[in-house]
Amino acid sequence: WEMPASLAEELASSSLLIVKGDANYRRLVGDRQWNPLTPLRDVLRGWFPAPGLILRTFKAELAVGLKEGQPEEAAKADKDWLTAGKYATIQFWHPKPPRSPPPESRASRSSSPNP
């Protein structure tokens, strides 16, 4: 996965990139057989420089960013769920880690007045 620096710089200034389709999804994740529970953030880290909305209908045996139990649940419903073209995913990617919640204030931790 190598992206020319000039393209990465241009994309980094985007507010949102929309990636659509199975072939583009496979390019995005390197067309590798990831564990489907691997977080999308771990796959795209340092490679995709802008926020992205990723729309994909499963048509190849490849998935990332699924929640615990989702692959098994889908397989119970349809053994060919990854390739049948009947299941889809919508994923959001942001290159910056999520913000931590603000620290709890002193007043909310204690009901006694501060000196």
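Let us look at the structure shown here. (Residues numbered from 1 in each chain as written. Predicted model: local features only at pLDDT ≥ 70, side-chain atom pairs only at ≥ 80, totals over all residues. Heavy atoms only, no water.)

The next point concerns the overall build of the protein chain. Summing up its helical and strand segments, the protein chain has five helices and three strands in all. Counting from the amino terminus, helix and strand elements in the protein chain follow one another as α-β-α-α-β-α-β-α. Evaluated residue by residue, the protein chain yields a buried proportion of 28% over its 115 residues. Nonlocal contacts in the protein chain, meaning residues at least 24 apart in sequence, comprise 79% of its contacts between residues at least 6 apart. Accessible area of the protein chain: about 8,300 Å², with a carbon and sulfur share of 52%. (Helix = DSSP H or I, 4+ residues; strand = E, 2+ residues; numbered from the N terminus. Buried < 20%, exposed > 50% of the residue type's maximum accessible area, 1.4 Å probe, protein only. Contact = heavy atoms within 4.5 Å. Areas by Shrake-Rupley, 256 points an atom, 1.4 Å probe, with all protein chains shown as cover.)

Taken together, the side chains of Leu16, Ile18 and Phe92 define a hydrophobic patch exposed on the protein surface, amounting to about 320 Å² of accessible area. Inspection of the secondary structure assignment puts Phe92 in strand β3 (residues 88-93). (Patch = residues over 30% accessible without salt bridge, like charges linked within 9 Å, V, L, I, M, F, W, Y side chains within 5 Å. Salt bridge = Lys/Arg side-chain N within 4 Å of Asp/Glu carboxyl O.)

For the rest of this paragraph, the subject is the pattern of salt bridges. Scanning the entire structure with this criterion turns up five salt bridges. Between Lys79 and Asp80 there is a salt bridge, with the nearest N and O atoms lying 3.4 Å from each other. Residue classification places Lys79 among the exposed positions, given a relative accessible area of 70%. What makes Asp80 partly exposed here is its relative accessible area of 36%.

For the rest of this paragraph, the subject is the sheet that holds strand β1 (residues 17-20). Read from one edge of the open sheet, three strands run β1-β2-β3, paired in mixed fashion. Across the chains shown, the open sheet's two edge strands, defined by having one partner strand only, are β1 and β3. Strand-to-strand, the axes of this sheet are offset by a mean angle of 10°, without reference to chain direction. Judged from the six bridges that link them, strand β2 (residues 52-57) and β3 form a sheet pairing that is antiparallel. Residue pairing in the sheet places Gly52 in a bridge with Trp93 of β3. (Pairing = 2+ DSSP bridges. Axes fitted to C-alpha atoms, helices over the stretch in contact; angles between N-to-C directions.)

Grouped together as the largest cluster of nonpolar side chains are 16 residues, with contacts concentrated most on Leu28, Val29, Leu40, Leu44, Phe48 and Ile54. When residues of this core are traced back to their parent elements, those giving at least two are β1, α2 (22-28) and α3 (40-44). Among the elements that make up this core, the one with the highest residue count is α3 (three residues). In contact with Leu40, other than residues within four places in its own chain, are Val29, Ile54, Val64, Gly65, Gln91, Phe92 and Trp93. Residues Phe58, Ala63, Leu66 and Leu82 belong to the second largest nonpolar core, which totals six residues. (Core = buried A, V, L, I, M, F, W, Y, C linked by side-chain atoms within 4.5 Å.)

Non-glycine residue Asp31 carries a positive phi angle of around 50°. If you trace the backbone, Asp31 turns up in the loop between α2 and α3.

Residue position: Ala63 is located in the loop between β2 and α4 (70-77). Owing to a relative accessible area of 5%, Ala63 belongs among the buried residues under this scheme. Separated by 26 residues in sequence, Ala63 and Leu37 place their C-alpha atoms 8.1 Å apart. Leaving out residues up to four positions away in the same chain, Ala63 has contacts with Tyr25, Trp34, Asn35, Pro36, Arg56, Phe58 and Leu82.

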